Amino acid sequence: MTIAARVDRPRVSAVSQASGPDTQPLRRRARRRRRLTALAFVAPLIAYLAAFYVYPLYRNLDLSLRDYTVRSFVAGDAPFSGWDNFQKVLDDPTFGPAMRHTMVFTFVSIAFQYVIGLALAVFFNRHFRLAPTLRALFLIPWLLPLIVSASTWSWMLNSESGVVNYALGLAGVGPVGWLTSPDWALTSVIIANIWIGIPFNLVILYSGLQNIPGELYEAASLDGASPWQQFRRITFPLLRPVSAITLLLGLVYTLKVFDLIWIMTKGGPGDTSSTLATWSYQLGFGTLLPKFGPGAAVGNILILIALVFGLLYIRVQSGQRRQEA
């Protein structure tokens, strides 16, 4: 008998013994232990999602499908009304302007935030001496509490004592009713929101630029490509996946902006700067006789819009992973 045969024979017997019927309960207990361990780690996350996401969404849906008053809200005996609240919202003359203002506020904000953020990211990608310090200064709008930013912009854009109108006066331009004029109220909150959102775009796009190999720019320079041609042929195409994610995240976030608009204009004057988020709050909490059902219905419409873009974001991420694989 060869040495290989003598060595292999105990191995076969050990495997056959390990796979015998006596070891199956041990394997089942080991698998059960691994499952319980995994559930123990996942349980806090499930509890958090159930308490702060699932239950609030359920309550909001329940509010939108019932005819709630202040008394029935406390007592919890509101009658079921089906889709009546949604029909009231869609028939309300405020719905059209609020939807239009939401779309204008969202798309104009993210367009300017992206363009300015991309320009700053390319500028800081040059790695000059003061780049880290200047980048840190540009992050200040992102780090400040939103109530501070909104209050500061309200003071700056004040029609009588604002620093913006003072600067316009020095240039020979008359005062502008930034927050009190129906023609300027929505523009004012858009300007403030652009200022707040630029640092987010700057950080994400700058991180994407760091992943582009420098050898590509060196080769393009040797071939005689201008800076604009390098940006158009190298930077922008390679930054497209990061750009898509940045735009989608900014869109989902901007759709639900409420506090900035409410602090600066409260959706006014009239409804000229009202969005779906501010209108939902006004219906539910802005009057002595709150309309909980229609307010929740507007909130659900906003959630549905955000969900559509959220699913689009997930699809873009999946496509990016497939490309990388």
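A brief look at the structure comes next. (Residues numbered from 1 in each chain as written. Predicted model: local features only at pLDDT ≥ 70, side-chain atom pairs only at ≥ 80, totals over all residues. Heavy atoms only, no water.)

1. Comments concerning the overall build of the chain
Spelled out, the test is: Note on conventions: DSSP H or I runs of at least 4 residues are helices, E runs of at least 2 residues are strands, and numbering of each starts at the N terminus. Buried residues are those whose accessible area, probed at 1.4 Å on protein chains only, stays under 20% of the maximum for their type, while exposed residues exceed 50% and partly exposed ones sit between those limits. What makes two residues a contact is simply this: any of their non-hydrogen atoms within 4.5 Å. All accessible-area figures derive from a Shrake-Rupley calculation using a 1.4 Å probe, and residue coverage is judged against the displayed protein chains alone. Think of it this way: Lys and Arg go in the positive column, Asp and Glu in the negative one, and His and the chain ends go nowhere. Here the site of a charge means atom NZ of a Lys, CZ of an Arg, CG of an Asp or CD of a Glu.
Scanning the chain for helices and strands turns up 16 helices and zero strands. Of all 325 residues assigned to the chain, the portion counted as buried reaches 35%. Within the chain, residue pairs in contact and separated by at least 24 positions form 66% of the contacts whose partners lie at least 6 positions apart. Put simply, the chain shows about 20,100 Å² of open surface, and 67% of that area lies on carbon and sulfur atoms. For the chain, the separation between the mean place of its 28 positive charges and that of its 16 negative charges on side chains is 17 Å.

2. Re the nonpolar core
We count it as follows: Working definition of a nonpolar core: buried Ala, Val, Leu, Ile, Met, Phe, Trp, Tyr and Cys residues. They are joined through side-chain atoms within 4.5 Å.
Ranked by internal contacts, the top residues of the largest apolar core, which has 33 residues, are Phe105, Leu260 and Met264. Contributing elements (two or more residues each) for this core: α5 (95–124), α8 (146–156), α10 (185–210), α11 (214–222) and α14 (259–264). The contact partners of Phe105, leaving out residues within four places of it in the chain, are Leu186, Val189, Ile190, Asn193, Thr254, Val257 and Ile261.

3. Some points on a positive patch on the surface
Where we set the bar: Residues with no salt bridge and a relative accessible area higher than 30% make up the patches, which join like charges within 9 Å and nonpolar side chains (Val, Leu, Ile, Met, Phe, Trp, Tyr) within 5 Å. The term salt bridge refers to a pairing of a side-chain nitrogen on Lys or Arg with a carboxyl oxygen on Asp or Glu at a separation within 4 Å.
Side chains of Arg27, Arg28, Arg29, Arg31, Arg32, Arg33, Arg34 and Arg35 sit close together on the surface and give a patch of like positive charge. Among the secondary structure elements, Arg34 is positioned in helix α2 (residues 24–64).

4. Quick word on the packing of aromatic side chains
Both the distance between ring centres and the angle between the ring planes are used here to describe each pair of aromatic rings. In plain terms, the rule: Ring pairs shown here join Phe, Tyr and Trp side chains whose ring centres sit within 6.5 Å, with only the six-membered ring taken for Trp; geometry is labelled stacked below 30 degrees between planes, edge-to-face above 60, and tilted in between.
Counted according to the given criterion, the structure contains 16 aromatic pairs. Between Trp142 and Phe200 the ring centres are 5.8 Å apart and the planes differ by 75°, which places this aromatic pair in the edge-to-face class. With Trp142 in helix α7 (residues 140–143) and Phe200 in helix α10, the pair connects residues that are 58 residues apart, well separated along the chain. Owing to a relative accessible area of 40%, Trp142 belongs among the partly exposed residues under this scheme.

5. Some words on the pattern of salt bridges
As enumerated under the stated definition, the model contains two salt bridges in all. Measuring nitrogen to oxygen at the nearest pair gives 3.2 Å for the salt bridge that ties Arg59 to Asp62. With a gap of three residues between them, Arg59 and Asp62 both fall in helix α2, about one helical turn apart. As a salt-bridge pair, Asp62 and Arg66 come within 2.8 Å of each other at their nearest N and O atoms. The exposure class of Arg66 is partly exposed, given its relative accessible area of 26%.

6. A short note on the side chain of Ser72
To keep it simple, the criterion reads: Counted as a polar contact is a pair of N or O atoms within 3.5 Å, where, for protein atoms, one must be capable of donating a hydrogen and the other of accepting one, and residues adjacent in sequence contribute only when both atoms are in side chains.
When you line up the elements, Ser72 lands in helix α3 (residues 70–75). Within the structure, the side chain of Ser72 is placed 2.6 Å from the backbone nitrogen of Thr69, a separation counted as a polar contact. Aside from chain neighbours lying at most four places away, what touches Ser72 is Asp67, Asp77 and Ala78.

7. With respect to the environment of Ser81
Relative to the elements of secondary structure, Ser81 occurs in the loop between α3 and α4 (84–91). Classification of Ser81 as buried rests on a relative accessible area of 16%. In this structure, the C-alpha to C-alpha distance between Ser81 and Gln210, residues 129 residues apart in sequence, is 55 Å. Sequence-distant contacts of Ser81, defined by excluding residues within four places in its chain, comprise Leu65, Arg66 and Asp67.

8. Regarding the packing of α8 against α10
Applicable threshold: The convention used is that axes are lines fitted to C-alpha atoms, helices contributing only their stretch in contact, and that angles between N-to-C directions extend from 0 to 180 degrees. Every angle not falling under 35 degrees, over 145, or within 65 to 115 is termed oblique; those three ranges are roughly parallel, roughly antiparallel and roughly perpendicular. Working rule for handedness: look at the near helix, and if it is turned counterclockwise from the far one by less than a right angle, call the crossing left-handed; if clockwise, right-handed.
Interhelical geometry of α8 versus α10 gives an angle of 135° and a closest axis separation of 10 Å. Taken together, the axis directions place α8 and α10 in an arrangement best described as oblique. In this structure, α8 meets α10 at a crossing whose hand is right-handed. Across from Leu146, Ser149 and Trp153 in α8, the residues of α10 making contact are Ile191, Ala192, Trp195 and Ile196.

9. Details of the layout of surface pockets
As a reminder of what qualifies: Buried and open spaces are told apart on a 1 Å grid over the protein atoms alone, a cavity being a set of points where a 1.4 Å probe fits but cannot get out and a pocket being an open set with protein on both sides within 12 Å along at least five of seven lines. Residues with an atom within 4 Å of a point are the lining residues. Grid points are joined across faces, edges and corners, and a volume is the space filled by probe spheres set on the points. Note on residue classes: Ala, Val, Leu, Ile, Met, Phe, Trp, Tyr, Cys and Pro are nonpolar, Asp, Glu, Lys and Arg are charged, and everything else, Gly too, is polar.
Of the volumes computed, that of the largest pocket is approximately 510 Å³. If you go around the largest pocket, you meet 19 residues; those closest to its centre are Asn60, Ser280, Gly295, Gly299 and Leu302. For the lining of the largest pocket, the secondary structure elements donating two or more residues are α2, α13 (240–255), α15 (276–285) and α16 (292–324). When residues of the lining of the largest pocket are assigned to their parent elements, the largest contribution, seven residues, is made by α16. Looking at side-chain class alone, the lining of the largest pocket contains 13 nonpolar, five polar and one charged residues.

10. Some words on unusual backbone geometry
Leaving glycine out, the prevailing phi sign among residues is negative, and the prevailing peptide bond configuration is trans. A cis amide bond, omega 0°, links Gly268 with the succeeding residue Pro269. Within the secondary structure, Pro269 sits in the loop between α14 and α15. At Lys266, a residue that is not glycine, the phi angle is positive and equals roughly 55°. As for its position among the elements, Lys266 is in the loop between α14 and α15. In this structure Lys266 comes out as partly exposed when scored by relative accessible area, which is 48%.

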